[in-house]
Amino acid sequence: MEKTYQPQAIEQSWYNTWEERGYFKPQGGDNAYSIMIPPPNVTGNLHMGHGFNNAVMDAMIRYHRMRGDDTLWQMGTDHAGIATQMVVERQLAAEGISRHDLGREKFLEKVWQWKEQSGGNITRQLRRLGSSLDWSRERFTMDDGLSDAVKEAFVRLHDDGLIYRGKRLVNWDPKLHTAISDVEVENHDEKGFMWHLRYPLADGATTAEGKTYLVVATTRPETMLGDTAVAVHPDDERYASLIGKEIELPLVGRRIPIVADDYVEREFGTGCVKITPAHDFNDYEVGKRHGMNLINVLDKSAAILAAAQVFNIDGSHNDQVDTTLPAAYAGMDRYVARKQIVADLEAAGLLDKIDDHALKVPRGDRSGVVIEPWLTDQWYVSTKPLAEPAIKAVEDGDISFVPKQYENMYFSWMRDIQDWCISRQLWWGHRIPAWYDEAGKVYVGRNEAEVRSKHQLDESVVLQQDNDVLDTWFSSGLWTFSTLGWPEQTEFLKKFHPSDLLVTGFDIIFFWVARMIMMTMHLVKDENGNAQIPFKTVYVHGLVRDSQGQKMSKSKGNVLDPLDIIDGIDLETLVQKRTTGLMRPKDAAKIEKQTRKEFPDGIESFGTDALRLTFCSLASTGRDIKFDMGRVEGYRNFCNKMWNATRYVLMNTEGEDCDQDDSGNYELSLADRWIISRLQQAEQTFTESLENYRLDLATQAFNEFFKNEYCDWYLELSKPILWDDNASTAQKKGTRRTLIRVLEATLRLAHPLIPFITEEIWQRIKPLTGATGDTIMLATYPIADSSKLDPAASADIEWLKGVIEGIRTIRGEMNIAPGKHIPLFMQHGNDNDQRLLNDNRQYLQKLANIESIEWLEPDSEAPTSATALVGKLEILVPMAGLIDVAAERARLNKEVERLAKDHERTAGKLQNPKFTDKAPAEVVAKEQQKLEDINAALVTLREQLETLAQL
RNA sequence: ACGACCGUAGCUCAGUUGGUUAGAGCACUACCUUGACAUGGUAGGGGUCGGUGGUUCGAAUCCACUCGGUCGUACCA
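This one's a predicted model, so the numbers in the text were calculated from it and none came from an experiment.

Caption draft 1: Highlighting the protein's contact with RNA strand B. The local shell around RNA strand B holds 62 residues, among which E265, F268, K360, K918 and K930 are the closest. In RNA strand B, the atoms that sit within 4 Å of the protein are 59% sugar and phosphate, with bases accounting for the remainder. N644 places a side-chain nitrogen or oxygen 3.1 Å from a sugar or linking oxygen of RNA strand B. R898 places a side-chain nitrogen or oxygen 2.8 Å from a base nitrogen of RNA strand B. Here the surface near RNA strand B gets 10 residues from one element, more than from any other, and that element is helix α21 (residues 629–653). Residues that form the surface near RNA strand B fall into these classes: 21 nonpolar, 14 polar and 27 charged.

Caption draft 2: Just the pairing of strand β12 (residues 294–298), in detail. Burial within β12 is extensive, with five of its five residues counted as buried. Counting the residues between successive antiparallel strands, the hairpin from β12 to strand β13 (residues 304–311) contains five residues, one of them, A302, with a positive phi of roughly 65°.

Caption draft 3: Layout of the sheet that holds strand β15 (residues 372–381). Read from one edge to the other, the open sheet built from four strands follows the order β5-β4-β15-β17, with strand pairing classed as antiparallel. Two strands in the sheet have a free side with no partner beyond their single neighbour: β5 (178–180) and β17 (420–421). For β15 and β17, the ladder comprises two bridges, and the chain directions are antiparallel. Paired with Y380 across the strands is C421, a residue of β17. The sheet contacts of helix α8 (residues 281–289) involve β4 (163–173) and β15, and relative to β4 the element is tilted by about 140°.

Caption draft 4: Highlighting helix α22 (residues 670–691). Here α22 contains 22 residues, and its C-alpha end-to-end distance of 32 Å stays within 8% of the 32 Å for a straight helix at 1.5 Å per residue. Among the 22 residues in α22, 16 count as buried, and that is most of the element. Among the residues trailing α22, Y693 stands out with phi positive, at a value near 60°.

Caption draft 5: Looking closely at the nonpolar core. Core analysis: the largest hydrophobic core is formed by 208 residues, its most contacted members being F474, F627 and Y710. By residue number, the principal contributor to this core is helix α23 (residues 695–722), which donates 13 residues. Setting aside anything within four residues of it in sequence, one finds F627 in contact with M48, V544, R545, D546, S547, M552, L560, I565, L611, T614, F615 and V632. Y199, C272, V310 and L345 belong to the second largest nonpolar core, which has 42 residues in total.

Basis of the calculations
- All chains use their own residue numbering, which begins from 1 and follows the written sequence.
- Whichever chain is written first is A, and whichever ligand is written first is 1; the rest continue in order.
- Confidence filtering applies because this is a predicted model: local features only for residues at pLDDT of at least 70, side-chain atom pairs given and counted only at 80 or more, and all residues used for totals across whole chains, interfaces and linings.
- Computation of side-chain values covers all heavy atoms of the structure but excludes hydrogens and water.
- Proximity criterion: a residue is near a molecule or strand once any of its heavy atoms comes within 4 Å of it.
- Each polar contact in these results corresponds to two N or O atoms within 3.5 Å; when the atoms are within protein, one needs to be able to donate a hydrogen and the other to accept it, and residues that are neighboring in sequence are counted only if both atoms are side-chain atoms.
- For helices the rule is a DSSP run of H or I covering at least 4 residues; for strands it is a run of E covering at least 2, with both sets numbered from the N terminus onward.
- Each residue gets one of three labels, nonpolar for Ala, Val, Leu, Ile, Met, Phe, Trp, Tyr, Cys and Pro, charged for Asp, Glu, Lys and Arg, and polar for the others, Gly among them.
- The rule is simple: take the accessible area with a 1.4 Å probe, protein chains only, and divide by the maximum for that residue type; under 20% is buried, over 50% is exposed, in between is partly exposed.
- What makes two strands pair is DSSP finding at least two bridges between them.
- In what follows, a contact means two residues having at least one pair of non-hydrogen atoms within 4.5 Å.
- Each axis is a line fitted through C-alpha atoms, and for a helix only the stretch in contact is used; angles between axes span 0 to 180 degrees, taken between their N-to-C directions.
- A helix is expected to reach a length of 1.5 Å times the quantity of its residues less one.
- The definition of a nonpolar core used throughout is a set of buried Ala, Val, Leu, Ile, Met, Phe, Trp, Tyr and Cys residues joined through side-chain atoms within 4.5 Å.

Limitation: the analysis is restricted to geometry and does not speak to function.
Right under this line is the structure:
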């Protein structure tokens, strides 16, 4: 074996081997276990979130696969409507072509071409993480099967009265010309203004103060063209007499009423609010309460219309209201119009004042432009009826969240769920299966032929399919079952649905998790006709943040690419990567500076296993994690330790009889029995931790066992036997057998977390272990065997450790070279101590570099020594020529001081009758024992100090 | 403003139902190239567990208040 661990040399080739040999396919026993991957965006690139959730999912998948379950990790990607369309549009734009030049059909061909060429990026990257996904069943939300599922779902929901079309306010992106969802809107703090406008009262009315106008405050003066009322608080005495009177809307000349609504805050501004139901979500609600019209004054690009469009609150067309708008603003962009309108109001003496005002501005995350609440015809899913069973499924525990507190988040959202706008004005996506006749009547069906036959429409009726596509989340909502072949009742659907585990971030509980639950429960039934859930457990993980706790983002330039941690990256390349393609190029200098400061030498290559171990170690309670590169390095070093421990084991077992043929005739030493016992405990803890989704505790248990027990102690304890010419063949065989078999079991135990190094080592040691099988991936998962627990061996080893540590402490603090062989005395021990000495003399001499050990009778004179205590047993290192008296006294004094403090605390407790009366007897007994031990130790140490004082 | 979560060593994090001297990794100090490993070993230093008050024989752990941080919803014209 190479002298150091080199992940680059092993990881990719093992992955290729696994995939080629079909190990990722379901192939276990009767018990099915499945996870559906949250479909990554096909335009996407790997980020730390993927790294994190794949580490978790793959750990669970590999664990269950090794447990013998029929295990499916379903792979697939989603088509990411807007993102993909924009990528291809950008490409076309470089050639000077717009999608409209091409037309819909041709454009979609281009998108598919792009997908074939570039859509595999993310899937290649996921392979680098070691994820054991079933690639043979990979799906894509736009493939034929999933598209059929989408149509089927749409039609069924429509037939069940749960999908409808309506005119509503939506988040409209005036650049991309589509509705977008709330998650695609980012609210930024920006500086703006509050314009105070004077709205003249009609019919000579005056305010209580005698003014002929009301002052309304607004951040969006241009929307005043669409005002339908001014609202005041019903209890506001200042305006009580004006309620029901009218305003003459400036510039427009339309009359609008003054209404009372308790939405208005009396204290804010002037207490008068202009109401524009067609351009503001809050105003829309006010408008609904007062039966106002919706007056839309903006076109799809957010420019002012030549004439307003007026609708009744139910969305129907209204031809009663005058649609005249001032001609001067027609065609002006909203911000140009804003300037002009303010200027015109000022000229008319209607501008009261302008204040600075900080506000949240909603911007489209793709386009960066300010989102406009805009009135459009859209398709909606009626969510209330779907939410009810979905809430119940979680209440009843059919679905549970880990950690549990996320259930509250789920409930609170589901309780006031809004109808879901599912249409998008894009070309790339699932086209809505609805057709219109020339009169505008809509028919829904799986295809045009079905629509015609269902509604008896012959060829003479011209049908036109809806131009819009469905929200990408609509197809994602079907993910757990559409990927398994629904609406066909496939074997896979029967076997693997409901899935077992969903691993996802809390930020999409609403947008994805909740919708999956609703869609699945409505559409998928079991044999008994009962609603099926999509998954039993939702594991919610936190966000991966940078080392400062900042959210990682391209614009902050603090993004880490998991592949750069795996492969390493030099500083210049990293700087370049972080500073290209920025939304604001002027940030480049700052980002460069901060990158050079944080990674002066770039990033080392740590390998996938170290990265995965880091994610697992941080995966505790669903909280955000600050990514710490130091930890990756630590785990890389840990892998190196595994590598080198293996070299030691191989060095001592290759070509030897390790009982690989199960011939027996071996003898287990104390150390062998102890490490085997300890292994059972590690297996127990590790498995329990996995079952509870505490990968951090599993990681900890593994490290603790492998490094602190197996490497630090067991390997050392094996040396005195293996290197002892007098040791018997049976003893050596027993030790070799234990060395190799414990290592082998440990590899299987840890394989779900660190697949590559465990496979590499397993293959190398396999012939010596008697293990069979072609891969550790499909080897049996270790299960703790309580019959192998050996408390007696553990107690003996604890004694041995205590003695050795006592000697090492003396050496360390007294500056005795570790290699110097020293004599040792023991005194005042009991029979057990004496037995232990006799049994373990050889271990002690070898591990503590002792030249001789002498057991002193209680009454015999001991040489002046440095002392360590193991229980009552005194470990004496003679000082002659080795130890400075003053130093030893200082050391003992420190120890006495510590014990004295402890004594005081413990004695105090025991003297307190409240404690002795009320505390459980075993706790009291424990304290008593402790006090005795402290007393004994103090007596011994003080005697020693006396002795030293007399020198 | 409301709700959730968090605050433990210089840094990143554990700490199960209250019960020895509050742990790990990284960083730090000293010593050590010894026949698996310097991507290492051994020993060591470092914490009044954000603060205050309470419950309790006993609180990092439970309760109340408070300060600070993160996130979500509402932050409104």
